[in-house]
Amino acid sequence: MSRFTFNRAAFPHTRLRRLRSQEFLRNMVQETLLTPADLIYPMFVLEGENRREAIASMPGIERLSIDLLVKEAEVLAKLGIPAVALFPVTPQEAKSLLAEEAWNPDGLAQRAVRALKAAVPELGVITDVALDPFTTHGQDGIIDVDGYVLNDITSEALVKQALSHAEAGADIVAPSDMMDGRIAAIRRALEENNHPNVCILSYAAKYASSYYGPFRDAVGSAGNLKGGNKKTYQMNPANRQEALHEVGLDLAEGADLVMVKPGMPYLDIVLEVKDTYSVPTLVYQVSGEYAMHMAAIQNGWLARDAVILESLLCIKRAGADAILTYFAKEAAMLLQK
């Protein structure tokens with residue numbers, strides 16, 4: 001983004017309201033445009049057939065079995081949404097200390113990927129590469145006896161998980177774990193195993209935020225986490241320069257796209273990442289942001305349609321190339337009106 005200064009003529013020769021006076025003028029000079037192609041829909045998948053479960057803390061969002069997930073994906077593709085992001089709801093009996101279910105070739109996520117690519121091949125499929133849905137303790141990695149998440153052994157597990165997703169047909173693997181060095185390890189494994197065109201979306205600047213609670217309810221990791229936190233690997237919300245460092249490292253290791261998470265509370269980080277690196281930058285409007293908006297909307301405190309679109313437009317304005325949002329389907333329908 002260019003930075004410059006200039007001197008405009010003083011009032012009344014300059015009236016900035018002139019360009020706001022008519023709708024065609026406002027539309028003509030609008031700097032940021034939001035389209036369905038900017039939106040990615042996060043989806044929760046569960047075992048079984050013809051199953052759907054409401055998520056109490058995320059009104060309007062459901063966990064879906066694979067058959068219903070595919071039907072919903074067909075609708076999303078017709079709306080012009082380019083991709084979905086998958087998050088499996090792992091049964092408790094499949095969880096373990098070492099998270100072996102994460103790379104099971106017949107695991108829930110892997111089966112969902114294959115079903116989606118068979119039914120809606122034009123729809124991009126992004127998979128979450130992290131161990132928290134598969135661990136008995138709810139942390140994103142393998143822990144030692146003191147509960148500390150071990151970096152290098154976790155990265156080895158993440159490589160296995162990412163490869164299993166690529167082999168199932170995922171277009172983009174998205175490590176959301178914040179382990180050091182895992183992007184390079186995954187990139188090397190993808191190249192060595194004949195998956196050169198599988199993209200890596202790195203959750204490069206993922207903060208240890210308090211806005212993730214509803215998501216953890218949705219995937220069933222909140223109960224396992226038991227009030228614990230992820231501050232030893234996710235970033236301190238107070239830090240800005242560290243985010244730039246994290247993004248730079250992940251790009252050097254082979255990330256194709258980078259993520260800033262959460263969204264609206266971190267738009268300064270989005271702007272700096274985009275200005276500094278000029279690379280594809282995604283933003284996750286997280287579950288807590290969705291829940292807050294929905295609570296205010298349901299209480300009649302905010303205007304639903306206008307607020308949904310404004311919340312996404314401001315993220316795009318800050319520099320996002322695409323936005324993961326639970327409003328994706330509704331926003332796409334609004335944008336087509």
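Scroll up for the structure.
Residues numbered from 1 in each chain as written. Predicted model: local features only at pLDDT ≥ 70, side-chain atom pairs only at ≥ 80, totals over all residues. Heavy atoms only, no water.

Trainee: I'd like a rundown of the overall build of the protein chain, residues and numbers included.
Mentor: Per the secondary structure count, the protein chain includes 12 helices and 10 strands. A compact globule built from 337 residues should have a C-alpha radius of gyration of about 20 Å, and the protein chain, at 21 Å, falls within 12% of that. Each of the three principal axes of the protein chain carries a C-alpha extent, and together these read 70 × 45 × 40 Å. Here the protein chain holds 337 residues, and 53% of them are scored as buried. Of the contacts made within the protein chain by residues no fewer than 6 positions apart, 74% connect residues no fewer than 24 positions apart. A total accessible area of about 15700 Å² is found for the protein chain, and carbon and sulfur atoms account for 53% of it. (Helix = DSSP H or I, 4+ residues; strand = E, 2+ residues; numbered from the N terminus. Rg over C-alpha atoms; globule rule 2.2 N^0.38 Å. Buried < 20%, exposed > 50% of the residue type's maximum accessible area, 1.4 Å probe, protein only. Contact = heavy atoms within 4.5 Å. Areas by Shrake-Rupley, 256 points an atom, 1.4 Å probe, with all protein chains shown as cover.)

Trainee: Describe a positive patch on the surface, and please don't skip the residues or the numbers.
Mentor: A surface patch of like charges, here positive, comprises R8, R15, R17, R18 and R20. Within the secondary structure, R18 is located in the segment before α1 (23-28). (Patch = residues over 30% accessible without salt bridge, like charges linked within 9 Å, V, L, I, M, F, W, Y side chains within 5 Å. Salt bridge = Lys/Arg side-chain N within 4 Å of Asp/Glu carboxyl O. Lys, Arg positive; Asp, Glu negative; His and termini not counted. Charge placed at Lys NZ, Arg CZ, Asp CG, Glu CD.)

Trainee: I'd like a rundown of the environment of R240, residues and numbers included.
Mentor: Structurally, R240 is set in the loop between α7 (222-225) and α8 (241-253). In this structure R240 comes out as partly exposed when scored by relative accessible area, which is 37%. Expressed as a C-alpha distance, the spacing of R240 and I269, which sit 29 residues apart in the sequence, is 6.6 Å. Other than its neighbours up to four places away in sequence, R240 contacts Y207, I269 and E272. Within the structure, R240 has its side chain in polar contact with the side chain of E272 (distance 2.8 Å). (Polar contact = N/O pair within 3.5 Å; in protein donor to acceptor, adjacent residues only side chain to side chain.)

Trainee: How would you summarise helix α2 (residues 66-78) if you had to cite specific residues and measurements?
Mentor: Because an α-helix completes one turn every 3.6 residues, residues spaced three or four positions apart along the sequence face the same direction. If you check α2, its first and last C-alpha atoms are 19 Å apart, about what 13 residues at 1.5 Å a residue would give, namely 18 Å. Where α2 is concerned, the buried positions are I66, L68, L69, V70, E72, A73 and L76. Those residues of α2 that are buried are in contact with β1 (39-46), β2 (52-54), β3 (62-65), β4 (83-88), α3 (108-119) and α12 (328-335). One or two steps after α2, the chain reaches G80, where phi turns positive at roughly 90°. (Expected span 1.5 Å × (residues − 1).)

Trainee: Tell me about the environment of A85, residues and numbers included.
Mentor: With respect to the helices, strands and loops of the structure, A85 is situated in strand β4. Along the backbone, A85 and I269 are 184 residues apart, and their C-alpha atoms lie at a distance of 22 Å.

Trainee: Tell me about a nonpolar patch on the surface, and please be specific about residues and values.
Mentor: On the surface, a cluster of nonpolar side chains totalling about 400 Å² of accessible area is made up of L19, F24, M28 and V29. Considering the arrangement of structural elements, one finds V29 in the loop between α1 and β1.

Trainee: How would you explain helix α9 (residues 267-277) if you had to name every residue and give the values?
Mentor: For α9, the full list of buried residues reads L267, I269, V270 and V273. Each buried residue of α9 sits inside an arc of 155° when the element is viewed along its axis, so together they form one side. The secondary structure elements touched by the buried residues of α9 are α8, β8 (257-261), β9 (281-285) and α11 (304-318). Count one or two residues on from α9 and you reach S278, which has phi positive near 50°. (Arc of directions from axis to C-beta.)

Trainee: If you had to explain the packing of aromatic side chains to someone new, which residues and values would you point to?
Mentor: Following the criterion strictly, the structure yields 10 aromatic pairs and no others. Here F87 and Y284 contribute two aromatic rings whose centre-to-centre distance is 6.4 Å and whose plane-to-plane angle is 45°, an arrangement assigned as tilted. Remark: Y284 occurs in strand β9 and F87 occurs in strand β4; sequence separation between them is 197 residues. Between Y290 and Y326, the aromatic rings sit 5.8 Å apart at their centres with planes inclined by 65°, giving edge-to-face as the arrangement. One end of the pair, Y290, is in helix α10 (residues 287-298); the other, Y326, is in the loop between β10 (322-325) and α12, with 36 residues separating them in the sequence. Accessibility expressed as a relative area gives 3% for Y326, which makes it buried. Cluster of aromatic residues (ring-pair linked, three or more members): F44, F87, Y203, F215, Y284, Y290, Y326 and F327. (Phe/Tyr/Trp six-rings, centres within 6.5 Å; stacked < 30°, edge-to-face > 60°.)

Trainee: Account for the pairing of β9, naming residues and giving values.
Mentor: In terms of burial, β9 is largely enclosed, as five of its five residues are buried. Side chains T281, V283 and Q285 project from β9 onto one buried face, and the interleaved L282 and Y284 project onto a second face that is buried too. Pairing of β8 with β9 involves three bridges; the strand directions are parallel. Residue V260 lies in a different strand from β9, and its bridge partner there is V283. (Pairing = 2+ DSSP bridges.)

Trainee: Give a detailed account of unusual backbone geometry, specifying residues and quantitative values.
Mentor: Residues other than glycine predominantly adopt negative phi, and peptide bonds predominantly adopt the trans conformation. Looking along the chain, the bond that leaves F11 and enters P12 is cis, with omega of 10°. In this structure, P12 sits in the segment before α1. With an omega of 0°, the peptide bond between K261 and P262 qualifies as cis. As for its placement among the helices and strands, P262 is situated in the loop between β8 and α9.

Trainee: Tell me about the pattern of salt bridges, and please be specific about residues and values.
Mentor: Tallied over the full model, the rule gives 16 salt bridges. The salt bridge partner of R114 is D106, with a shortest N-O separation of 3.5 Å. Ionic pairing is found between E272 and R240, a salt bridge with its closest N-O pair at 2.8 Å. Note that E272 is positioned in helix α9 and R240 in the loop between α7 and α8, a separation of 32 residues in sequence. Using a relative accessible area of 26% as the deciding quantity, one classes E272 as partly exposed. Taken together, the shared-partner salt bridges in this structure form one network comprising R51, E53 and R63.

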